[in-house]
Amino acid sequence: MIHPQVEKLLTVQEKDLSLQKLQSELDRIPQQRMKIEAAIADERAAIEAARTDLNEKEVARKNLDAQVQNKELDVSKFKNQQLEVKKNEEYRALTSQIEQAKRDIASLEEAEITLMYSIDEAREAFEASKGKIEERIVEQRKAIEQLEERLAELNRSIEGSKQAFHDSRTGVDGCFLEDYDRVKTQVKRAPYIVAIEGQNCSGCHLRVSNEVFGLASNGEGVVICDQCPRIVYRK
């Protein structure tokens, strides 16, 4: 037999838990949004890292090209100097410098060609990766929009749930409400009012004493489980 006021408290608990569930979901939304925004930031950072790598390769290629041009100027300069020297030793020295400059040019041009292939591959990989990343960002932004819609919906639902919870407390004796509110502060997790099944509290799943079992069976108002702080009753 369940006490009428405890039966009303069960309705209070139902509305209370419904409100808590909505509030819990509402509280998680900012964290979910931050997580998505962090993912978007990581995606954008990946794009920028790839773009920076590509730009650095382009700079390196231009640097090689500039070195080739400088070496070609050296060859031209050395050849002009050969026209002016009169000693064979000086002429041979300039010839040696020209040959070295030409070897340097060949080496630089080979490095430049290799780098150009690398740039082409990097650009192709960058464009493909950028496209996929931007697609993911679009989906992530849609997820944020959905969170915003859910946030507005939850705020509306919570207002109604708060009113339902408040209304459910109307008509419940003050001492019973005080017991319910006190139990809420003592129990780590809901529910706060539970049935005795067999002779076990369905909240902590431990066996209640014969005294508690008897009081709950007789519907003696608020009966507290002697294993946990929950209010217990028997149907």
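Bear in mind the structure is a predicted one, so any value in this text is a computation, not a measurement.

1. A few points about the overall build of the protein
Then step 1. A tally of regular secondary structure across the protein gives four helices and four strands.
Then step 2. Going from N to C terminus, the protein has its helices and strands arranged as α-α-α-β-β-α-β-β.
Then step 3. In summary, the protein has a C-alpha radius of gyration of 40 Å against a globular reference of 18 Å for 235 residues, an excess of more than 25%.
Then step 4. Its C-alpha atoms give the protein principal-axis dimensions of roughly 130 × 35 × 25 Å.
Then step 5. The 235 residues of the protein split such that 30% are buried.
Then step 6. At a minimum sequence separation of 6, the contacts of the protein that also span at least 24 residues come to 71%.

2. A look at the pairing of strand β1 (residues 193-197)
Then step 1. Taking burial as the measure, the five residues of β1 include four buried ones, the bulk of the element.
Then step 2. Taken together, the three bridges between β1 and strand β4 (residues 231-233) define a ladder with parallel strand orientation. Paired with V194 across the strands is V232, a residue of β4.
Then step 3. The pairing of β1 with strand β2 (residues 200-201) spans two bridges and is antiparallel. Across the sheet, E197 pairs through a bridge with N200, a residue of β2.

3. Focus: the pattern of salt bridges
Any two side chains of opposite charge can pair, so long as their charged atoms come close to each other.
Then step 1. Under the defined criterion, the tally for this structure stands at 16 salt bridges.
Then step 2. Among the salt bridges present, the one from D104 reaches K71, with a minimum N-O distance of 3.2 Å. Taken together, the positions of D104 in helix α2 (residues 88-169) and K71 in helix α1 (residues 4-82) put the pair 33 residues apart, joining distant regions of the chain.
Then step 3. For D104, a relative accessible area of 22% translates into the label partly exposed.
Then step 4. Residue D179 pairs with R182 through a salt bridge whose shortest N-O separation is 2.8 Å. Here the residue D179 and the residue R182 both occupy positions in helix α3 (residues 174-186), the gap between them amounting to three residues, near one helical turn.
Then step 5. What makes D179 buried here is its relative accessible area of 17%.
Then step 6. A cluster of three or more residues bridged by salt bridges with shared partners is formed by E58, R61, E112, D120 and R123.

4. Let's talk about the sheet that holds strand β3 (residues 223-224)
Then step 1. Spatial strand order, β2-β1-β4-β3: four strands in an open sheet with mixed pairing. Each edge of the open sheet carries a strand with a single partner, namely β2 and β3.

5. Notes on the confidence of the model for the protein
Then step 1. Residues of the protein with pLDDT of at least 70 account for 100%, and the chain-wide mean is 93.
Then step 2. Here α2 is the element of the protein with the lowest mean pLDDT, 93, and β4 is the one with the highest, 97.

6. Side note on the nonpolar core
Then step 1. Core analysis: the biggest nonpolar cluster contains 42 residues, and L9, V12, V172, Y180 and I193 have the highest contact counts within it.
Then step 2. Going through the elements one at a time, α1, α2, α3, β1 and β4 are the ones with two or more residues in this core.
Then step 3. Considering each element in turn, this core owes the most residues, 16 residues, to α2.
Then step 4. Sequence-distant contacts of L9, that is, excluding residues within four places in its chain, are made with V172, F176, L177, Y180, I193 and I231.

Calculation notes
Residues numbered from 1 in each chain as written. Predicted model: local features only at pLDDT ≥ 70, side-chain atom pairs only at ≥ 80, totals over all residues. Heavy atoms only, no water. Helix = DSSP H or I, 4+ residues; strand = E, 2+ residues; numbered from the N terminus. Rg over C-alpha atoms; globule rule 2.2 N^0.38 Å. Buried < 20%, exposed > 50% of the residue type's maximum accessible area, 1.4 Å probe, protein only. Contact = heavy atoms within 4.5 Å. Pairing = 2+ DSSP bridges. Salt bridge = Lys/Arg side-chain N within 4 Å of Asp/Glu carboxyl O. pLDDT = per-residue confidence, 0-100. Core = buried A, V, L, I, M, F, W, Y, C linked by side-chain atoms within 4.5 Å.

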